[in-house]
Amino acid sequence: MKYVVDNIIPENDCKIILDGILSQEDKFRITDEFGNLELSVYECSLYDLNDDKVKKMLNYYIHILSKKLGVKYGTDRSIIIYKDDKIMMDPHYDGGTTTTIIYLNNDFEGGGTGFPLLERIHKPQDHKPGHFLHYRSTNLFAYHVGMPVTKGIKVAVVLKTTKWLPFYIFTAIPWSIFVNLFFEPIIISKLLKKHIHSFIYNR
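Note that this is a predicted model, so its numbers are computed, not measured.

1. A short note on the pattern of salt bridges
Here is step 1: According to the stated counting rule, one finds four salt bridges in the structure shown.
Here is step 2: Among the salt bridges present, the one from Asp6 reaches Lys68, with a minimum N-O distance of 3.1 Å. Residue Asp6 is located in strand S1 (residues 4-7), and its partner Lys68 is located in helix H2 (residues 52-69); the two are separated by 62 residues in the primary sequence.

Below you can see the structure in the form of structure tokens.
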């Protein structure tokens with residue numbers, strides 16, 4: 001599986017956005033609004049932020065990113081914070097067709113995005129704040145984990161896309177059935193459980 005990594009938000013703007021988000025930490029909660037409750041860290045929809053400047057800046061760069069990658073982002077735009085008792089996200093497949101993660105900071109330890117079936121970890125510290133990671137969610141190797149943050153907090157924007165209806169019916173739905181009824185409960189949970197645990201905790 002190939003994924004795309006590049007810069008999108010300049011560091012100065014990234015700091016303004018990050019400061020605006022962290023000034024509204026009371027907006028963030030553990031929720032199943034953006035997916036499974038067990039997979040939630042502290043999350044907030046971009047649209048629920050009070051800071052109009054931050055929302056405009058983020059939407060501006062998301063628009064540029066959309067053109068750059070040739071995808072169309074809908075309303076599934078969430079901001080996530082790894083901190084306190086929620087320092088990692090369990091291994092999972094995303095819903096939808098593609099996922100883009102914009103890392104707003106890199107001044108923390110750990111907290112990479114790991115792909116255990118690829119034996120690969122994307123480390124935000126190797127890149128500038130404001131860079132993104134983009135991948136196709138319906139690839140078998142897109143199974144990933146938010147690695148434990150061992151020091152500091154991690155803040156990121158998560159964007160998901162879903163193709164138009166016929167595409168979704170004939171590809172994403174059968175894919176979801178295959179993953180949820182066979183691959184995850186049998187192959188991953190039973191045959192690869194020890195391997196994935198070692199991937200996460202023995203790094």
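2. Some thoughts on the side chain of Thr99
Here is step 1: Secondary-structure assignment places Thr99 in strand S5 (residues 98-103).
Here is step 2: With relative accessibility at 1%, the residue Thr99 sits in the buried group.
Here is step 3: Reaching out from Thr99, the side chain makes a polar contact with the side chain of Asp94 at a distance of 2.7 Å.
Here is step 4: When near neighbours in sequence (up to four residues on either side) are disregarded, Thr99 contacts Asp94, Leu133, His134, Tyr135, Ser137, Val158, Leu159 and Lys160.

3. Quick look at H2
Here is step 1: An ideal rise of 1.5 Å per residue puts 26 Å on 18 residues; H2 measures up with 25 Å between its terminal C-alpha atoms.
Here is step 2: By the N-cap criterion, in which a side-chain oxygen at the helix start approaches the backbone nitrogen of a residue two or three places on, H2 is capped by Asp51, the distance to Lys53 being 3.0 Å.
Here is step 3: Where H2 terminates, the next one or two residues include Gly70, which has phi positive at roughly 75 degrees.

4. Here we look at unusual backbone geometry
Here is step 1: Unusually for a residue other than glycine, Asp84 sits at a positive phi of about 50 degrees.
Here is step 2: Along the polypeptide, Asp84 turns up in the loop between strand S3 (77-82) and strand S4 (89-92).
Here is step 3: The class for Asp84 is exposed, based on a relative accessible area of 61%.
Here is step 4: Backbone geometry places Glu119, a non-glycine residue, at a positive phi of 55 degrees.
Here is step 5: Relative to the elements of secondary structure, Glu119 occurs in the loop between strand S7 (113-115) and strand S8 (120-122).

5. Digging into the sheet that holds S8
Here is step 1: Strand order in the open sheet formed by four strands is S4-S10-S7-S8, with antiparallel pairing between adjacent strands. What marks the edges here is a single partner per strand, and that holds for S4 and S8. Across this sheet, the average inter-strand angle for adjacent strands is 15 degrees, counted without regard to direction.

6. Thoughts on a nonpolar patch on the surface
Here is step 1: A cluster of nonpolar side chains, Phe178, Phe182 and Ile186, forms an exposed patch at the surface whose accessible area comes to about 240 Å².
Here is step 2: Following the sequence through the fold, Phe178 ends up in helix H3 (residues 165-191).

7. Some words on helix H1 (residues 11-22)
Here is step 1: Helix length check: H1 (12 residues) gives 16 Å between terminal C-alpha atoms against 16 Å at 1.5 Å per residue, within 8%.
Here is step 2: Buried positions along H1 lie against H2, S3, S5 and strand S12 (154-161).

8. Here's the deal with the nonpolar core
A general feature of soluble globular proteins is that nonpolar side chains tend to end up buried together.
Here is step 1: If you look at the biggest cluster of nonpolar residues, it comprises 27 residues, and the most contacted ones within it are Ile9, Ile17, Ile21, Leu58, Ile79, Ile102 and Leu104.
Here is step 2: Looking at this core, the elements that each hand over two or more residues are H1, strand S2 (42-45), H2, S3 and S12.
Here is step 3: No other element matches the six residues that H2 contributes to this core.
Here is step 4: In contact with Ile21, not counting residues within four places along its chain, are Phe28, Leu49, Val54, Ile79, Ile81, Leu104 and Val155.

9. A few points about the pairing of S12
Here is step 1: Taking burial as the measure, the eight residues of S12 include eight buried ones, the bulk of the element.
Here is step 2: On S12, burial covers both faces: Lys154, Ala156, Val158 and Lys160 on one face and Val155, Val157, Leu159 and Thr161 on the other are all buried.
Here is step 3: As paired strands, S3 and S12 are joined by six bridges and run antiparallel to one another. Note that in S12 the partner of Ile81 across the bridge is Val155.
Here is step 4: Pairing analysis gives six bridges linking S5 to S12, with the strands arranged antiparallel.

Reading guide: rules and limits
Residues numbered from 1 in each chain as written. Predicted model: local features only at pLDDT ≥ 70, side-chain atom pairs only at ≥ 80, totals over all residues. Heavy atoms only, no water. Salt bridge = Lys/Arg side-chain N within 4 Å of Asp/Glu carboxyl O. Helix = DSSP H or I, 4+ residues; strand = E, 2+ residues; numbered from the N terminus. Buried < 20%, exposed > 50% of the residue type's maximum accessible area, 1.4 Å probe, protein only. Polar contact = N/O pair within 3.5 Å; in protein donor to acceptor, adjacent residues only side chain to side chain. Contact = heavy atoms within 4.5 Å. Expected span 1.5 Å × (residues − 1). Pairing = 2+ DSSP bridges. Axes fitted to C-alpha atoms, helices over the stretch in contact; angles between N-to-C directions. Patch = residues over 30% accessible without salt bridge, like charges linked within 9 Å, V, L, I, M, F, W, Y side chains within 5 Å. Areas by Shrake-Rupley, 256 points an atom, 1.4 Å probe, with all protein chains shown as cover. Core = buried A, V, L, I, M, F, W, Y, C linked by side-chain atoms within 4.5 Å.

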